[in-house]
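What the coordinates show
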Amino acid sequence: MATSSELGGGDLDTSEKEARIREFRRLCRERGERCTVQRRIILETVLDLDNHPSADQVFDAVADREPGIARTTVYRALDHLARLEVITKACHPGSAVRFDPRTGPHHHLVCLHCNEFVDLDHDAFDGLTIPDTSAYGFEVSDYRVHVRGMCRNCLEKTSKEESK
Ligand SMILES: [Zn+2]
Ligand SMILES: [Zn+2]
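Residues numbered from 1 in each chain as written. Chains lettered and ligands numbered in written order. Predicted model: local features only at pLDDT ≥ 70, side-chain atom pairs only at ≥ 80, totals over all residues.

1. Here we look at the environment of Glu33
The residue Glu33 is located in the loop between helix 1 (14–30) and helix 2 (37–48) in this model. Considered as a pair, Glu33 and His80 are 47 residues apart in the sequence and their alpha carbons are 9.9 Å apart. (Helix = DSSP H or I, 4+ residues; strand = E, 2+ residues; numbered from the N terminus.)

Put into structure tokens, the structure is as follows:
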């Protein structure tokens, strides 16, 4: 059963967003960290964007609401929010870190041409056995499967160019 906290960014309704922001406030209090207005606005922005934004895309969107905000403030706040686990980092080696408002288990389709990131639900991936990595001195926190390839837009572009 998917709980509401596992929904994707674009599917978050107002009450879910408010619940996330309350959770953020609670975690800040619990850990004795400051819950600044800017951090809250940055969290709201990530919840509003449903395209797994990069830090720069979050900065562009936040700068519309908070003119004059520094890029480093946004970067630091995103790391802070990811540490609190109110958002996650959906990394793909070789491209910029992407931030994900969806914290529950899910996977991604990654386009190698335009770096598009799309949520993928697939029960068989959720049930993968995590190997014992103690020999590597490595502690697993979670995992995501990134299925790589070409998105619909890129496929259409390629087929148009080929038919020219
Ligand atoms: Zn693409
Ligand atoms: Zn995702």
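Next, the rest of the story.
2. As for the packing of helix 3 (residues 55–65) against helix 4 (residues 71–83)
Two elements in contact, helix 3 and helix 4, have axes separated by 10 Å at closest approach and are oriented at 120°. As the angle between them shows, helix 3 and helix 4 are arranged oblique. Both helix 3 and helix 4 take part in a crossing whose hand is right-handed. In this structure, helix 3 uses Ala55, Val58, Phe59 and Val62 to contact helix 4, whose residues at the interface are Arg71, Val74, Tyr75 and Leu78. Here the residues of the contact of helix 3 with helix 4 are counted per class, giving seven nonpolar, no polar and one charged. (Axes fitted to C-alpha atoms, helices over the stretch in contact; angles between N-to-C directions. Parallel < 35°, antiparallel > 145°, perpendicular 65-115°, else oblique. Left-handed = near helix turned anticlockwise from the far one by under 90°. Contact = placed C-beta atoms within 7 Å. Nonpolar A, V, L, I, M, F, W, Y, C, P; charged D, E, K, R; others polar.)

3. Brief notes about the confidence of the model for the chain
Summary statistics for the chain give a mean pLDDT of 87 and a share of 91% for residues scoring 70 or more. Taking the mean pLDDT of every element in the chain, the minimum, 88, falls on strand 1 (residues 88–90) and the maximum, 95, on helix 3. Taken as a whole, residues 1–9 scores under 50 in pLDDT and shows 17 contacts with residues more than four places along the chain or in a different chain. (pLDDT = per-residue confidence, 0-100.)

4. Some details on the pairing of strand 4 (residues 117–120)
Note: strand 3 (residues 107–111) against strand 4, four bridges, orientation antiparallel. By the bridge assignment, His108 is partnered in strand 4 with Asp119. In textbook terms, the turn of a hairpin is the stretch between consecutive antiparallel strands, and for strand 3 and strand 4 this stretch comprises five residues, one of which, Asn115, has a positive phi near 65°. (Pairing = 2+ DSSP bridges.)

5. Some points on the packing of helix 2 against helix 4
Relative to each other, helix 2 and helix 4 sit at 75°, their axes nearing to 10 Å. Of the possible angle classes, the one that applies to helix 2 and helix 4 is roughly perpendicular. Residues Gln38, Arg39, Ile42 and Leu43 of helix 2 pack against Thr73, Val74, Ala77, Leu78, His80 and Leu81 of helix 4.

6. Brief notes about unusual backbone geometry
The backbone of Glu85 shows a phi angle near 65°, a positive value even though the residue is not glycine. The topology assignment puts Glu85 in the loop between helix 4 and strand 1. Taking the number of C-beta atoms within 10 Å as the measure of exposure, Glu85 has 11 and is therefore exposed. In this structure, Asn115 takes a positive phi of about 65° despite not being glycine. (Buried ≥ 20, exposed ≤ 12 C-beta atoms within 10 Å, placed from the backbone.)

7. Brief notes about the sheet that holds strand 4
Sheet strands line up and pair through hydrogen bonds in the backbone, either parallel or antiparallel. Taken together, three strands build an open sheet; the order of strands is 4-3-5 and the sheet is mixed. With partners counted over all chains shown, the strands left at the sheet margins are strand 4 and strand 5 (146–149), one partner each. Sheet twist, expressed as the mean angle between neighbouring strand axes with direction ignored, is 25°. Both strand 3 and strand 5 contribute to a ladder of four bridges, which runs parallel. Of the residues in strand 5, the one forming a bridge with His108 is His146.

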